[in-house]
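As a plain string of letters, each chain reads:
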Amino acid sequence: MSIKVTPLSDALGAEISGVDLTTPLDPETAKAINEAWLEHLVIVIRGQILSDEDQVRFGGYFGPIGDYLRPGTLRSTAMKERHRSVMFVSNIVENGEPIGTLPDGEMMFHTDTGYAQNPHKATTLYAVELPGSGGHTIFSNQYAVHDALPDALRQTLAGRDAKNAYEFGTMIKTKQRYDAPETATAIHPIFRPHSETGRMTVYVNELMTEEIVGLPEAESRAALDEVFALQREPRFLYEHVWQLGDLVMWDNRCTLHARTDFPRDQRRLLRRITVEDSAGATA
Ligand SMILES: [Fe+2]
């Protein structure tokens, strides 16, 4: 199989064509896709008809499949029957119970599982049902944000850690301080090297990052707000407009993603499977 790689924006993202993910990939093709992904950070493979198992097999070319990290109580009855790592991102309600998580509306920039000690390196998302408009996924390139930091801000952040906290199911930060005992938290370096490329990234995000460790609160808030504003600048972004059958895989180590709003009365269903960062675990 020979693949074609077509960049989707100046900032990040590429479409890969010439692959059928319903059958196993030969090692050369899997390697070529991995290289394209490390270079472009987000890859889009369109027109696929994928079962849970097809998506799990695809994720497995890049590392161990990640376990679904949310507390078990947040897993719907429908999902308990599926592969252990499958999560539905959906607003659909069946028999009075939501089948998935993160249902409606806009979602702030974040990186998946950034509240964990060893966050999952990749997320794959497959489009099963889509609304007539909106619900796009916007990606931001954190290598480029790192390289564009103003000197004063870079000096404030250098050598510091930030605390990430995430209240499961929250799409927009509503509390200035997390307080629920079930909130997962982790401390990560703000300048965090990518576990495979070694390139430096900015690893804070407006949904999960609560504070810069060791800075007075006002100074921490001001520095984070400056970074968040930079992360939203159009020069660092690619906006993905979903089509049915799209499989998208992004690199959580060097990108953030956000979601645009969409009509609440329309169904949206995407199937998510993540990949663990085995290099990060041993680093
Ligand atoms: Fe996400």
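For the structure, check the block above.
The shown structure was predicted, so the numbers you read here are calculated from the model rather than taken from an experiment.

To continue, consider the overall build of the protein. Scanning the protein for helices and strands turns up seven helices and 18 strands. Rg of the C-alpha trace for the protein: 18 Å, near the compact-globule value of 19 Å for 283 residues, within the 12% margin. Split into buried and exposed, the 283 residues of the protein put 53% on the buried side. Residue pairs at least 24 apart in sequence account for 78% of intrachain contacts in the protein once pairs closer than 6 positions are excluded. When the accessible surface of the protein is summed, it comes to about 12,200 Å², and 52% of that surface belongs to carbon and sulfur atoms. The positive charge centre, built from 28 side chains, and the negative charge centre, built from 40, are 2 Å apart in the protein.

Here the focus is the pattern of salt bridges. By the definition in use, this model includes 18 salt bridges. Across the salt bridge formed by Glu35 and Lys31, the nearest N and O atoms sit 3.2 Å from each other. One end of the pair, Glu35, and the other, Lys31, are both in helix α1 (residues 27–40), four residues apart, so they sit about a helical turn from each other. A relative accessible area of 54% places Lys31 in the exposed class. Linking Arg46 and Asp246 is a salt bridge whose minimum nitrogen-to-oxygen distance equals 2.8 Å.

This part covers the coordination of the iron ion. Note on the iron ion: its protein donors are His110 (NE2), Asp112 (OD) and His257 (NE2). The metal-donor distances range over 2.1 to 2.2 Å. In terms of primary sequence, the donors binding the iron ion are separated according to H-x1-D-x144-H. With respect to burial, His110 and Asp112 carry one shared label: buried.

This brings us to the sheet that holds strand β1 (residues 4–7). Reading across from one edge, β1-β2-β3-β16-β8-β18-β4 is the order of the seven strands in this open sheet, with mixed pairing throughout. Bordering the open sheet on either side are β1 and β4 (87–90), each of which pairs with just one other strand. With direction set aside, neighbouring strand axes in the sheet form an average angle of 25 degrees. As defined by bridge partners, β1 adjoins strand β2 (residues 14–17) across four bridges and the pair is classed as antiparallel. Bridge pairing in β2 places Lys4 opposite Ser17. Sitting on the sheet, α1 touches β1, β2, β3 (42–45), β8 (122–129) and β16 (247–251), and the angle it makes with β3 is about 130 degrees. The strands touched by helix α2 (residues 52–60) within the sheet are β3, β8, β16 and β18 (269–275), with β18 carrying the most contacts at an inclination of about 35 degrees.

Below, the discussion takes up the packing of aromatic side chains. For the coordinates displayed, the defined rule picks out six aromatic pairs. Pairing Trp37 with Phe62 gives two aromatic rings, centres 5.9 Å apart and planes at 55 degrees, and the pair type is tilted. Taken as a pair, Trp37 in helix α1 and Phe62 in the loop between α2 and α3 (77–80) lie far apart in primary sequence, 25 residues in all. For Trp37, a relative accessible area of 0% translates into the label buried.

Core analysis: the biggest nonpolar cluster contains 29 residues, and Leu12, Leu102, Tyr115, Phe139, Tyr166 and Val248 have the highest contact counts within it. If you list the elements that add at least two residues to this core, you get β3, β4, β7 (107–110), β8 and β16. By size, the runner-up hydrophobic cluster in this structure holds 18 residues, among which are Ile33, Ile45, Leu50 and Met249.

Looking now at the pairing of β8. Both faces of the sheet carry side chains from a regular strand, because those side chains alternate between them. Counting buried positions over the eight residues of β8 gives six, a clear majority of the element. Pairing of β8 with β16, which is carried by five bridges, proceeds in the antiparallel orientation. From the neighbouring strand, Ala122 faces β16, where its bridge partner is Asp251. Judged from the seven bridges that link them, β8 and β18 form a sheet pairing that is antiparallel. Among the inter-strand pairings, Glu129 is bridged to a residue of β18, identified as Leu269.

Calculation criteria
Residues numbered from 1 in each chain as written. Predicted model: local features only at pLDDT ≥ 70, side-chain atom pairs only at ≥ 80, totals over all residues. Heavy atoms only, no water. Helix = DSSP H or I, 4+ residues; strand = E, 2+ residues; numbered from the N terminus. Rg over C-alpha atoms; globule rule 2.2 N^0.38 Å. Buried < 20%, exposed > 50% of the residue type's maximum accessible area, 1.4 Å probe, protein only. Contact = heavy atoms within 4.5 Å. Areas by Shrake-Rupley, 256 points an atom, 1.4 Å probe, with all protein chains shown as cover. Lys, Arg positive; Asp, Glu negative; His and termini not counted. Charge placed at Lys NZ, Arg CZ, Asp CG, Glu CD. Salt bridge = Lys/Arg side-chain N within 4 Å of Asp/Glu carboxyl O. Donors = N, O, S within 2.8 Å, 3.2 Å for Na, K, Ca; no water. Pairing = 2+ DSSP bridges. Axes fitted to C-alpha atoms, helices over the stretch in contact; angles between N-to-C directions. Phe/Tyr/Trp six-rings, centres within 6.5 Å; stacked < 30°, edge-to-face > 60°. Core = buried A, V, L, I, M, F, W, Y, C linked by side-chain atoms within 4.5 Å.

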